[in-house]
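Commentary on secondary and tertiary structure
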Amino acid sequence: MTSLVRLDGVTFAYDPARPVLDRVDFTLAAGERVALNGPNGIGKTTLLHLMVGLVLPQAGCIHAFGRERRCEKDFVEVRARAGLLFQDADDQLFCPTVAEDVAFGPLNLGKSKAEARRIVHATLESLGLAGLEERVTHTLSGGQRRLVSLAAVLAMAPEVLLLDEPTNALDEPTRARLLEILGDLPQAMVIVSHDRDVIERLATRTVRLEAGGRLS
Ligand SMILES: Nc1ncnc2c1ncn2[C@@H]1O[C@H](COP(=O)(O)OP(=O)(O)OP(=O)(O)O)[C@@H](O)[C@H]1O
Ligand SMILES: [Mg+2]
């Protein structure tokens, strides 16, 4: 099995007196959809952030896309290939309008303005968000912001998706549509979720994070 992202003995603490993750081993292989759950505050979001270098481990190694990744420079490439859906959409969206937020990633990857516009349109349409292009992002509802965040991630066509509670705050039809969309995507995924349907219908494997950063 080809590993896309691998953590070997990763230890991380925001405050040295209180380690969040202690020698964690985790592998995401091609074709997998791993549901990650565990109590509030246990370190699930931190684990995703480690995978893309938003925080760096105090001990252990992170491999992604065939190479060990140590410093910020290494992780720039990882972030282009592994799309992170933030738990809080306000961390994801920072442009004035929806179209600018969704175009940001493709433009950053070197796409032309015309190509980015095409990607924005197609991605919003695939998520049932056509017509929101010119909306001011901070005037969207919570559920709309969540879907626009997902559009911003998918627009970059990442090879891996790291989704932090993607179905949170969605109404039932939107949640069902999102599950369908995610089920049709070819990418390997880590999905932090307590949603039973995510675990039962989407996941190929479920991992539970427990106190001290133990994974079971
Ligand atoms: N930037 C930060 N500075 C200091 N402590 C932090 C920071 N971010 C998270 N923590 C702490 O690290 C621990 C793990 O947080 P994390 O957000 O990874 O948990 P989680 O499992 O995602 O929780 P939830 O289910 O509530 O989203 C918590 O005790 C949290 O308070
Ligand atoms: Mg979290």
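Residues numbered from 1 in each chain as written. Chains lettered and ligands numbered in written order. Predicted model: local features only at pLDDT ≥ 70, side-chain atom pairs only at ≥ 80, totals over all residues. Heavy atoms only, no water.

Here we look at the overall build of the chain
When its secondary structure is counted, the chain shows eight helices and 10 strands. The C-alpha radius of gyration computed for the chain amounts to 17 Å, which stays within 12% of the reference 17 Å derived for 216 residues, consistent with globular compactness. Projecting the C-alpha coordinates of the chain onto the three principal axes gives extents of approximately 45 × 35 × 35 Å. Within the chain, the fraction of its 216 residues that count as buried is 51%. Contacts in the chain between residues at least 24 apart in sequence constitute 67% of all its contacts with a sequence separation of at least 6. Across the chain, the centroid of the 25 positively charged side chains sits 3 Å from that of the 29 negatively charged ones. (Helix = DSSP H or I, 4+ residues; strand = E, 2+ residues; numbered from the N terminus. Rg over C-alpha atoms; globule rule 2.2 N^0.38 Å. Buried < 20%, exposed > 50% of the residue type's maximum accessible area, 1.4 Å probe, protein only. Contact = heavy atoms within 4.5 Å. Lys, Arg positive; Asp, Glu negative; His and termini not counted. Charge placed at Lys NZ, Arg CZ, Asp CG, Glu CD.)

A word on the sheet that holds strand β10 (residues 214–215)
In space, the six strands of this open sheet follow the order β6-β7-β8-β3-β9-β10, with mixed pairing throughout. Each having just a single partner strand, β6 (82–85) and β10 make up the two edges of the open sheet. (Pairing = 2+ DSSP bridges.)

Observations regarding the nonpolar core
The biggest cluster of nonpolar side chains holds 34 residues, and the ones touching the most others in it are L7, F26, L28, M51, L162 and V190. The greatest single-element share of this core, amounting to five residues, is contributed by strand β1 (residues 3–12). Those residues in contact with L28 that sit more than four places away from it in its chain are T2, S3, L4, V5, V34, V160, A188, M189 and V190. Core analysis: the next-biggest nonpolar cluster, separate from the first, contains 33 residues, L85, L127, L163 and L182 among them. (Core = buried A, V, L, I, M, F, W, Y, C linked by side-chain atoms within 4.5 Å.)

Details of the sheet that holds strand β5 (residues 67–69)
Spatially, the four strands line up as an open sheet ordered β2-β1-β4-β5, and their pairing is antiparallel. Unpaired on one side and paired on the other, β2 (21–29) and β5 mark the two borders of the sheet. Averaged over all pairs of adjacent strands, the angle between strand axes in this sheet comes to 20 degrees, irrespective of strand direction. Alignment of β1 against β2, held across six bridges, turns out to be antiparallel. Counted as the bridge partner of F12 is L21 from β2. Relative to β1, helix α1 (residues 44–51) is tilted by about 120 degrees, and along the sheet it contacts β1, β2 and β4 (59–64). Its contacts with the sheet place helix α2 (residues 72–81) against β4 and β5, and it is angled at close to 115 degrees to β5. (Axes fitted to C-alpha atoms, helices over the stretch in contact; angles between N-to-C directions.)

So, the site of ligand 1
Within the structure, ligand 1 sits among Y14, V20, P39, N40, G41, I42, G43, K44, T45, T46, Q87 and E165. A distance of 2.8 Å separates an oxygen atom of ligand 1 from a polar backbone atom of G41. T45 places a polar side-chain atom, nitrogen or oxygen, 2.8 Å from an oxygen atom of ligand 1. Isolated, ligand 1 exposes 650 Å² of accessible area, and the fraction of that covered by the protein chains is 58%. Its residues placed into classes, the shell around ligand 1 shows four nonpolar, six polar and two charged. (Near = heavy atom within 4 Å. Polar contact = N/O pair within 3.5 Å; in protein donor to acceptor, adjacent residues only side chain to side chain. Areas by Shrake-Rupley, 256 points an atom, 1.4 Å probe, with all protein chains shown as cover. Nonpolar A, V, L, I, M, F, W, Y, C, P; charged D, E, K, R; others polar.)

With respect to the layout of surface pockets
For the largest pocket, the calculated volume is near 480 Å³. If you trace the largest pocket, you find 20 residues lining it, with R79, F86, Q92, F104 and M156 closest to the centre. Every element with two or more residues in the lining of the largest pocket is listed here: α2, β6, α3 (89–92), α4 (98–108) and α6 (142–154). Take the lining of the largest pocket: its biggest share by element is four residues, from α4. A per-class count over the lining of the largest pocket returns 13 nonpolar, four polar and three charged. Taken as a whole, the second largest pocket spans an internal volume of roughly 180 Å³. Every residue lining the second largest pocket is listed: A99, E100, A103, L107, K113, A116, R117, V120, H121, E133 and E134. (1 Å grid on protein atoms, 1.4 Å probe; cavity = no way out; pocket = protein on both sides within 12 Å on 5 of 7 lines; lining within 4 Å. Points joined across faces, edges and corners; volume = space filled by probe spheres on them.)

Points about the pattern of salt bridges
Under the defined criterion, the tally for this structure stands at 16 salt bridges. Note that R81 and E77 form a salt bridge whose closest N and O atoms lie 2.8 Å from each other. Remark: E77 and R81 occur in helix α2; sequence separation between them is four residues, near one turn of the helix. Assessed through its relative accessible area of 31%, E77 is described here as partly exposed. Across the pair D197 and R175 runs a salt bridge, and its minimum N-O distance is 2.9 Å. In this pair, D197 sits in helix α8 (residues 196–202) while R175 sits in helix α7 (residues 172–184), placing the two residues 22 residues apart along the sequence. We classify R175 as buried; its relative accessible area is 13%. (Salt bridge = Lys/Arg side-chain N within 4 Å of Asp/Glu carboxyl O.)

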